[in-house]
Amino acid sequence: MTKRPTWDEYFLNIAKLVATRSTCLRRNVGAVVVKNKQILATGYNGAPSGITHCSATGCMREKMKIPSGERHELCRALHAEQNAFLQAARHGVGLDGSSLYITTQPCSICAKMIVNVGVKKIIFEGPYPDEFALGFLSEAGVEVERVGAST
């Protein structure tokens, strides 16, 4: 009999599957918003609906040699968390008191959104070069847990 995954493993594995839909050339990120062990919304990083994907246009940030974690405004894509929050809003789903499972640590822009939509806990696996985001989440009382082999 195979080992049954914990709830955190289960939802993080779903986030990894969601990340496979990413259209970003630099990093594939998936997010799953959960409340009471029920999935409320998912999102992956990529260009907005109806906009040409970076796979067709190329990565402007790469061409300009912009390091990861800097100059977010020069990216065609929305982050996975942003897409999950927008999906929830589009369908009238409240996220207050939810948990966010994400394959990569949120950036500072997403951290601000996480606080305002009412996410209470974040479980993530991979690092992201934005220490301000972690401090911001801590100050706001959002529980943050990094899991996986790279902890």
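Provided above is the structure to which this section pertains.
Residues numbered from 1 in each chain as written. Predicted model: local features only at pLDDT ≥ 70, side-chain atom pairs only at ≥ 80, totals over all residues. Heavy atoms only, no water.

Peer 1: Can you help me understand the overall build of the protein in this one?
Peer 2: A count of helical and extended segments in the protein gives six helices and five strands. Reading the helices (α) and strands (β) of the protein from amino to carboxyl end gives α-β-β-α-α-α-β-α-β-α-β. Computed over C-alpha atoms, the radius of gyration of the protein comes to 15 Å, within 12% of the 15 Å expected from 2.2 N^0.38 for 151 residues, which places it in the range of a compact globule. Summarising its shape, the C-alpha atoms of the protein cover approximately 45 × 40 × 35 Å along the three principal directions. Of all 151 residues assigned to the protein, the portion counted as buried reaches 41%. Once local pairs closer than 6 in sequence are excluded, the contacts in the protein between residues at least 24 apart make up 53%. Carbon and sulfur atoms form 53% of the exposed surface of the protein, whose accessible area is close to 8,600 Å². Here the protein holds 18 positive side-chain charges and 13 negative ones, and the gap between their average locations is 7 Å. (Helix = DSSP H or I, 4+ residues; strand = E, 2+ residues; numbered from the N terminus. Rg over C-alpha atoms; globule rule 2.2 N^0.38 Å. Buried < 20%, exposed > 50% of the residue type's maximum accessible area, 1.4 Å probe, protein only. Contact = heavy atoms within 4.5 Å. Areas by Shrake-Rupley, 256 points an atom, 1.4 Å probe, with all protein chains shown as cover. Lys, Arg positive; Asp, Glu negative; His and termini not counted. Charge placed at Lys NZ, Arg CZ, Asp CG, Glu CD.)

Peer 1: When you look at empty space enclosed by the protein in this model, what are you seeing that I'm missing?
Peer 2: Under the defined criterion, the tally for this structure stands at one cavity of 30 Å³ or more. For the largest cavity, the calculated volume is near 40 Å³. Along its surface, the largest cavity is lined by Cys-24, Leu-25, Cys-54, Cys-59, Cys-75 and Ala-77. (1 Å grid on protein atoms, 1.4 Å probe; cavity = no way out; pocket = protein on both sides within 12 Å on 5 of 7 lines; lining within 4 Å. Points joined across faces, edges and corners; volume = space filled by probe spheres on them.)

So far we have only geometry, and geometry alone does not tell us how the molecule works.
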